[in-house]
Amino acid sequence: MDRIDRKILDLLQQDGTLSVADIGHRVGLSQTPCWKRIQRLEAEGVIQRRVALLDPDKLGLGLTVFVCIEAGDHTQEAIDQFIDAIATMSEVVEFHRMAGDVDYILRVIVPDVKAYDLFYKRLIGIVPLKKVSSRFSVERVKSTTALPIETTA
């Protein structure tokens, strides 16, 4: 991946609606070579998909909760059951297996505390959990989906 590929990726992260002609102009390529690079990046899986980013507050989804979980059962069967169940919960927008003092961290987005309580009750019913702690976000200071691509390499 060269500097032009990285610049294309950076531009697409900032605005996925840019035309191929506009991207090509900004990186110094004509439309066809630019399109071929984008197609290659998609085929290689570097570009996974293109999506619209939505404002959760404007959709009535004003509560973000970070949920730290210590598993009660570390058998493969329990882990698989837990992962499969979490994958179906639309409120979970990020799900990470961790190293350290917690096993998993979830980022959960819901309308309010009442909705979180309903989510929590479903969560603790999946498999035995040793500890669940919830941290409620009071302000989103920074939120981005853009990866830190070095475009000068």
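Structural data are supplied above this passage.
For the structure given in this document, a descriptive report is provided here. (Residues numbered from 1 in each chain as written. Predicted model: local features only at pLDDT ≥ 70, side-chain atom pairs only at ≥ 80, totals over all residues. Heavy atoms only, no water.)

### Observations regarding the packing of aromatic side chains
Line of reasoning, step 1. A full pass over the atoms with the stated rule returns six aromatic pairs.
Line of reasoning, step 2. Consider the rings of Phe-95 and Tyr-104, whose centres lie 5.5 Å apart with planes at 40 degrees: the pair is tilted.
Line of reasoning, step 3. A relative accessible area of 29% places Phe-95 in the partly exposed class.
Line of reasoning, step 4. An angle of 35 degrees between the planes, with centres 5.9 Å apart, marks the rings of Tyr-116 and Phe-119 as tilted. In this pair, Tyr-116 and Phe-119 both sit in helix H5 (residues 113-124), three residues apart, roughly one turn of the helix.
Line of reasoning, step 5. Overall, Tyr-116 belongs to the buried group, its relative accessible area being 5%.
Line of reasoning, step 6. Of the aromatic side chains, those joined through ring pairs into one cluster are Tyr-116, Phe-119, Tyr-120 and Phe-136. (Phe/Tyr/Trp six-rings, centres within 6.5 Å; stacked < 30°, edge-to-face > 60°. Buried < 20%, exposed > 50% of the residue type's maximum accessible area, 1.4 Å probe, protein only. Helix = DSSP H or I, 4+ residues; strand = E, 2+ residues; numbered from the N terminus.)

### Describing the packing of helix H1 (residues 3-14) against helix H3 (residues 31-43)
Line of reasoning, step 1. In the contact formed by H1 and H3, the axes pass within 11 Å of each other and the chain directions differ by 80 degrees. Judged on the interaxial angle alone, H3 and H1 are roughly perpendicular. Along the contact surface, H1 presents Ile-4, Asp-5, Ile-8, Leu-9 and Leu-12, while H3 presents Cys-34, Arg-37, Ile-38, Arg-40 and Leu-41.
Line of reasoning, step 2. Its residues placed into classes, the contact of H1 with H3 shows seven nonpolar, no polar and three charged. (Axes fitted to C-alpha atoms, helices over the stretch in contact; angles between N-to-C directions. Parallel < 35°, antiparallel > 145°, perpendicular 65-115°, else oblique. Contact = heavy atoms within 4.5 Å. Nonpolar A, V, L, I, M, F, W, Y, C, P; charged D, E, K, R; others polar.)

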